[in-house]
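# Coordinate inspection notes
For reference, the chains in residue letters:
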Amino acid sequence: MQLTPLALIMMSVFAPAIAGLVTLFLPRDRTTPRTLIALVGLALPVAALLYFAQTLGVGAVEPASLTIPFVPSFNLDLAFNPDPLGMFFALLVAGVGTLIVLYARAYFGDDPDSLFRFYPTLGFFATAMLGVVLADNMLAMLLFWELTSVSSFLLIGWERNDRKAVRLAFQALAVTGMGGLALLGGIILLALATGEWSFSAAIPALAGPHESLPAANLIPWAFALMFLGGATKSAQWPFHFWLPGAMAAPTPVSAYLHSATMVKAGVYLFGRLSPAFLGVDFWAATLISVGALTMLLGAYLALRSTELKKIFAYTTVSQLGLFTCMFGLGAFTYHDEPNLVWPVTQILNHALYKAPLFLMAGAIAHAVHVKSLTGLRGFARTNPLLAWITLAAAYGLAAGPFTLSFAAKEAFLYQIYHAIEHEPLLWIVAGMAVLTSVCNVAIFVRFLTTFLARPDAEHAAEHHHDHDHAHDGWSVWLWLPALFIVAWQFAGGVAPSLIERFILPVETHALYWSHLPTVLDAIAHPSPPLAMSGVAVLLGVLVGVLPVLRRPVADPHDSIFPASVSFLSRTGWGVFSSIQTGNLRHYIYFTLTAFLLGMIAAALKDPAFLEWPALASLWAAPTGFIIASLCLVALVIAASLSLPIVNSRIVRVLMLGAVGMSVTGIYLIYEAPDLALTQLLFEIISIILFLLVLRMIPEEPPLAPVTGRIGRAAFSMIVGLAIGWTVLQAGAHADSSPGPAKLGDWFLTHAHYGSEQTNGRGGGGDNVVNVILVDFRGYDTLGETTVLAIAAMGIFSLIAAVPRRRRDRAHAVNPEWLTSSLLRTSMRLILPLGLLFAAYLFFKGHNEPGGGFIAGLVASVVLATYRMAKGPEALRRLLPIKPGALAATGLMIALATAVAPVAFGLPVLTSRTGDIPLAGADPFHFSTVVFFDLGVLIVVIAVSVGVINRLTEELET
Amino acid sequence: MTLLLAVIVTVIFAVGVYLLLGRELKGMAMGIFLLSHGANLGILAMSGQPVRLTATGPTPLGPPVLTEATQPVDPLPQALILTAIVISFAVTAFLLTLLVATFRRADHLGADELANDDRPTVLTTP
C-alpha cells in the first residue's frame, strides 16, 4: 500500500491521541499492554516523519497537497507543512515523547490508576503539540495551540485533591489561555493584512514589499498580539511565573511539556514568524529586551532556589529567554545573511540537557525521597549511577567544554558579537549573557560540591533505608532515557558530525559555520566570545564555591496572578453589589435611566426627532371624534391621577377599571372593534381578580411617609413625557411620511385572496386582524397561548387547591350561598344566552370581529357570573374538568391543529377555507383555523375561570 | 387625534412609573397594569389616525374588515396589540397570585422590607 504524504502527516499527528484513547479500553491492571500501546502511539510518528523526510524530503512537499478543508467559511483548513522548522519540532516532540512513555511507566511504578489517567492525557497533548508545529493554516495552529494549554492544565492539576496544585493549574491555564486569545487576534489581523490564512503564504507576502499588501498598517498590531501569545506560552517576563508553578505536575510532565516541548511553542512561533517581521522596527527591540531580561532573571532565580524542580524550571525560563533574544538578534544582518547561528541546534541542545535533568529529579525523588539539593550531600557516594548522570546533564547546563551546549553558547555569543557591530547598546545584552552563564556554571558547581561532599550521618542512614523499593524490570527506565539523551550532548560536543547528520537537513541558518564548533575550534580561533565564556566560567566557579547567594528567595512575580484574581473578584463584587441591590425600585431606576439616555442619544443623532410635527396631522378628525376623545382623555387623566392620591383600595381598583374602559373607548375611535371587545372583557376579569386579591390581603397600616416624593414624581413625569413624545412622533410620521408601503397594506391585500407572492394562497377571511393572528402570525399566537397556559400552571401551583375536606366544611357552615335571588334566577337566561353569544363570536371571528380570544372571554365572564350566583358546586357540575387539565387540553388542541397540516405535506399552520351551503340561509363560512381558535378558547376559559374560582375558594374557606 | 393619544400615553406612563417606584407591591401591580395600557396605545399610534386627509376635508376610515365599504385602517398594530393584551392579562393574573403568595410568606408587602428579607424563598402551602 502506498501512503500519500497527507496520510503520513495525518497519521503522525493523530496517532498519539488515538493510541491514548485505545488504552482506555484496557482493564486498569493491564499496565504492560497499556504502556506498549502508548509507546506505539508516539513511536509511530517518529517512524512516519523520518520516512517522510527520507522519501519526500523536508520542505519539498507543497502545503496545498497536505490540506483537508475543515471549515472553509472560517478559512479554517487542516493544512500541514512539514518544513525544516516544523519537522525538527515534530521529531523532538515525538522522540522525547517516546522516552517519556517508558519513563512514566517506571515513574508511576505499577500504580494502575495513574497510568490509566496518564497515557490518554499524554497522547492528547502529543497530538496537540504535533499539530501546532506541523500546521500550516494559522487558525488550525491556534486550535492545536489551545489544546496544548488544556492538556497542560489537566497535567498540572494532576493531584486533583490538592488545592494548591489546582490553583497553579488554573494560573497556567489563565495565563496561556489569555495568550491564546491574543494570538487569535494577532492571526486575524495578520490574515487581514496579507489576505492569507496560512503560514506558507502569509510569511513570504510579509517578507516582500509591504506596499502591495491589502492592509499593511495592521502589521504592527498583529505583531504585538502574536508576540503576547508566544511570550505567555514560552514564559517570557512578566508572564514567566506560571512555569515554575507548573512544577506541581508529575515529573514526566515537567520533563516533557514544561521543558522540552510545549513551552517552546512560543519560541517556535517566533522562529516561524521571524522572516515575516524582520521589517517591523520593534521586532528586534522587543524580542531582544524581553528575551534578555527573562534570560537573566530566570538564571538568577534558579541560583536562589534549592528545590531541584524549581532550579530546573527557572533555568528553563532563562533558556527560553535566550531563544527569544536569539530570534530578535536575527533581525540584524551579518554578511548579508540574517544573523542567526544554528538556531535549531540551539533549541535541540536545551532539550538534550534539560529533559535529562528533570528525568533525574524524578528518579532521585523516587530513589531517596529527596526533592531539594541541600538534602543530597554525598549523593555521589550513596547512589553513584543517578548522581553521575545528573552531574553529566548539569555539566551541559553549565555549557562546559566537550558538550553540544558549549557550541550552542558560543553560537549565541557570536550572534551578540556580530550584532554589536550594528548596535553598540547590545554590549548590555552581552553582559547579561555572561551573568547568565555565571549563574549556570555556579549551579553546576553547587551540584558537584554537594554530591561529592561527605554525607551527613543521618542522611546516609536514610538513603540506605530507602533502597528496599519494589524494583521490577521497568525501573531501569527511570534513568535509562536520561542517560540516552545526555549521551547525545557529549557526542555533539566531541564529534559534531554525528549530530550534524541529523540536524543539518532541518537546520535553518547554518551558514556562518559550516560545522558545529567544538571547544578545540574555539581555542584555535580565539575571539571575544571565547573570552566572555572564560570570564563566565571563572566567576561561576567562584560563586558556586563561596557561601554567597545561597538563601532561597521568592519570585516577587508569583504574587501577580493571585493579586489580579483577588483584584478582579473584589472589583467585580463591588460593581455587582452597587448595581444588584436587591431592591426592585433601584432596578426600575437603572432601567429607565438607561432608556432616557438612549432617548437623548437618539435625539443627538437625529435632531429632527425634537421637531414639533405638522399640526394638521395631529388634529384632523371628524368633529364627533374630537369631542368623544376629549372626554376620554379627561377621564383617563382624572382616573390615573387619582390612583396615587386615593387611599381606599376599592376606589383605586375601580379607578383602574375606569382607565381600562376609557382605553376601550379609544380603541373604538381608532376603528379597532376586536381590540375594544377583547379589552372590555379582559378588563372585567382583571378587575374581578384585583378585587379578589385585595380582599385576601388585609388592609395594612399605612407605611411611613416616603421621602423624596417630589423627585420620584419628577422622574416619572420625565419618563412619561419621553414616551409620550415618541408616540407623538411615531403617530405623526405614520400619517405624513410618503415612505414605502406599510406592511399592514400587504396584509390587507392578502387576508382573503392570495397573490403570486404567496403562490395564490390567501388567508381566506375578511377580518384582517383575526387572519393575521391565526394565519400570518399563527406561530406568535401559538406562543402566546402557551404563555397563557404556563401562567395558569404557575398560578395553580402558587396557590394550591383547597383540600376538599376543608372546602366541604366551609360550605357546610355556609350552605346557602348569599347572593340575590334575582341574580340566581336570571342566570337561567344569562347562561344559555351568554354561551350562545360566545359561540356566535367564535364562528364569526374569521370574517367579522370576534374569534377565539373574544369568545373565550365572553364565556369566561358568563361562567364567572354563574359561579358568583350559584356557588362553586354548580360551576363544578357545569365544568367538571380541573382548570389545569383544561388548559393543557386547549394547548394540545392548538398544537395538534398547528402540526396537523404536516401530515398532508403542507407547512405548519396551513389552513383551508370553504363555504358550507345551508338550506334557506347564507352559506356557512368554515375554516380549519376554527380548531386552532378552539384551543385558544379553551385555554382562555381555563385560565380566567380557573383563577377566579381558585381565588374565590380561598376566600370562602 | 395623535396629540390626544400622546397626552394619554404621557399621563398613563407617568402615573404607572410613579406607582412602580412606590414602596408597596399592590401599587406596583397597578403600575404594571397601567403601563400595559400605555404601551398598547403607543403601538396603536403607529397605525396613524383613523381618518384620511383629503382635499375636501378629513374622511373617516373603517375597521380592518374587508366586507366594510370604507377604506380600512392599518390592521397590523391591532393584531400586535391583541397579542399584547392577552399576554398582559397573563402577567397580571400571575402577578396578583404572586402578591397573595408573598403576603402569606412575609405578612407584608413592602418592597424595601422584602429587599432586606433574607429568608429562603420556600413556598409554603396553607
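This structure is a prediction, so every number in the text was calculated from the model and none was measured. (Residues numbered from 1 in each chain as written. Chains lettered and ligands numbered in written order. Predicted model: local features only at pLDDT ≥ 70, side-chain atom pairs only at ≥ 80, totals over all residues.)

## Some thoughts on the overall build of chain A
Worth spelling out the cut-off: Strands are runs of DSSP state E lasting at least two residues, helices are runs of H or I lasting at least four, and both sets are numbered from the N terminus onward. In this scheme every C-beta is placed from the backbone, and a residue whose C-beta has 20 or more other C-beta atoms within 10 Å is buried, one with 12 or fewer is exposed, and one in between is partly exposed. This entry defines residue contacts through backbone-placed C-beta atoms, with two residues in contact when those atoms are within 7 Å.
The helix and strand tally for chain A stands at 39 helices and six strands. Relative to its 957 residues, chain A shows a buried fraction of 48%. Put simply, of all contacts in chain A between residues at least 6 apart along the chain, 77% involve residues at least 24 apart.

## A word on the overall build of chain B
If you tally the helices and strands in chain B, you get four helices and two strands. In chain B, the succession of α and β elements from N to C terminus is α-α-β-β-α-α.

## Some remarks on the interface of chain B and chain A
Tallying the contact residues gives 79 residues for chain B and 94 residues for chain A. Of all the elements in the fold, those that place two or more residues in the side of chain B that touches chain A are helix 1 (2-20), helix 2 (25-45), strand 1 (51-54), strand 2 (57-60), helix 3 (76-106) and helix 4 (111-115) of chain B. With 21 residues, helix 3 of chain B is the largest single contributor of residues to the side of chain B that touches chain A.

## Looking at the nonpolar core
The condition is simple: Residues enter a nonpolar core if they are buried, belong to Ala, Val, Leu, Ile, Met, Phe, Trp, Tyr or Cys, and are joined to the set through C-beta atoms within 7 Å.
Formed by 209 residues in total, the largest nonpolar core has its most connected members in A90(A), V93(A), Y103(A), M360(A), A393(A) and I443(A). Here this core takes 18 residues from helix 3 (residues 84-107) of chain A, the largest share from any one element. Counting 131 residues, the second largest nonpolar core, distinct from the first, contains V636(A), V727(A), L773(A) and L109(B).

## Focus: helix 4 (residues 112-134) of chain A
Short version of the rule: By this rule the span expected of a helix is its residue count minus one, scaled by 1.5 Å.
Taking 1.5 Å per residue, 23 residues should reach 33 Å; helix 4 of chain A reaches 33 Å between its end C-alpha atoms and fits that length. A large share of helix 4 of chain A lies buried, amounting to 17 of its 23 residues.

## Focus: unusual backbone geometry
Peptide bonds are, in most cases, trans, and in most cases residues other than glycine have a negative phi. All names here are of chain A. At the junction of W237 and P238, the peptide bond is cis and its omega measures out at 5° in the coordinates. Relative to the assigned elements, P238 resides in the loop between helix 8 (219-233) and helix 9 (242-245). Positive phi, close to 55°, is recorded for H369, a residue that is not glycine. Here H369 is to be found in the loop between helix 14 (343-368) and helix 15 (379-382). A residue is classified by how many C-beta atoms lie within 10 Å of it, and H369, with 12 of them, is exposed.

## A word on the packing of helix 14 of chain A against helix 16 (residues 384-397) of chain A
All names here are of chain A. Stated precisely, the cut-off is as follows: Here an axis means a line fitted to C-alpha atoms, over the contact stretch when the element is a helix, while the angle between two N-to-C directions is reported on a 0 to 180 degree scale. Angles below 35 degrees are treated as roughly parallel, those above 145 as roughly antiparallel, those between 65 and 115 as roughly perpendicular, and all remaining angles as oblique. Handedness of each helix crossing follows the sense of rotation of the near helix against the far helix: counterclockwise by less than a right angle gives left-handed, clockwise gives right-handed. Three categories are distinguished: nonpolar for Ala, Val, Leu, Ile, Met, Phe, Trp, Tyr, Cys and Pro, charged for Asp, Glu, Lys and Arg, and polar for the others, with Gly belonging to the last.
Axis separation between helix 14 and helix 16 bottoms out at 9 Å; the angle between their running directions is 150°. In terms of their interaxial angle, helix 14 and helix 16 are classed as roughly antiparallel. Viewed along their axes, helix 14 and helix 16 form a crossing whose handedness is left-handed. Residues L352, Y353, P356, L357, M360, A363, I364 and A367 of helix 14 form the contact with helix 16, whose participating residues are L386, I389, T390, A393, A394, G396 and L397. Grouping the amino acids of the contact of helix 14 with helix 16 by side-chain chemistry returns 13 nonpolar, two polar and no charged.

## Remarks on the pairing of strand 1 (residues 67-71) of chain A
All names here are of chain A. As a reminder of what qualifies: Each pair of strands is called paired provided DSSP finds at least two bridges between the two strands.
Burial runs low along strand 1: only zero of the five residues are buried. Pairing between strand 1 and strand 2 (residues 76-79): four bridges, direction antiparallel. Of the residues in strand 2, the one forming a bridge with I68 is L78. The turn joining strand 1 and strand 2, which pair antiparallel and follow one another in sequence, is formed by four residues; a positive phi near 60° is taken by N75.

## Here's the deal with helix 33 (residues 778-798) of chain A
When the terminal C-alpha atoms of helix 33 of chain A are compared, their 30 Å separation across 21 residues agrees well with the 30 Å that a helix rising 1.5 Å per residue should span. Considered for burial, the residues of helix 33 of chain A that qualify are G778(A), T781(A), L782(A), E784(A), T785(A), L788(A), A789(A), A791(A), A792(A), I795(A) and F796(A).

## Description of the confidence of the model for chain A
In plain terms, the rule: A residue's pLDDT is simply how confident the predictor is in it, with values from 0 to 100.
With 94% of its residues at a pLDDT of 70 or more, chain A has an overall mean of 86. Here residues 464-468 of chain A scores under 50 on pLDDT; set against residues more than four positions off or in separate chains, the count is three contacts.

## A few points about the environment of V768(A)
Its location among the elements puts V768(A) in helix 32 (residues 768-776). With residues near it in sequence (within four places) discarded, V768(A) still touches F747(A), L748(A), A751(A), P64(B), V65(B), L66(B), P72(B) and P75(B).

## A short note on the environment of H733(A)
All names here are of chain A. Within the secondary structure layout, H733 lies in helix 30 (residues 709-736). With 17 C-beta atoms packed within 10 Å, H733 lands in the partly exposed category. The sequence separation of H733 and A614 amounts to 119 residues, and the corresponding C-alpha distance is 9.6 Å.

## Thoughts on the packing of helix 28 (residues 649-669) of chain A against helix 2 of chain B
Contact geometry of helix 28 of chain A with helix 2 of chain B gives a least axis separation of 11 Å together with a crossing angle of 10°. Judged on the interaxial angle alone, helix 2 of chain B and helix 28 of chain A are roughly parallel. Residues R652(A), L656(A), V659(A), G660(A), V663(A) and I666(A) of helix 28 of chain A touch helix 2 of chain B, and the partners they reach there are M30(B), F33(B), L34(B), H37(B) and L41(B). Looking at the contact of helix 28 of chain A with helix 2 of chain B residue by residue, the classes come out as eight nonpolar, two polar and one charged.

## As for the confidence of the model for chain B
Residues and elements named next belong to chain B. When the pLDDT values of chain B are averaged, the result is 84; 91% of them are 70 or greater. By mean pLDDT, strand 1 is the weakest element of chain B at 73, and helix 1 is the strongest at 92. The ipTM, which scores confidence in the relative placement of chains, is 0.93 for this predicted complex, and the corresponding pTM is 0.68.

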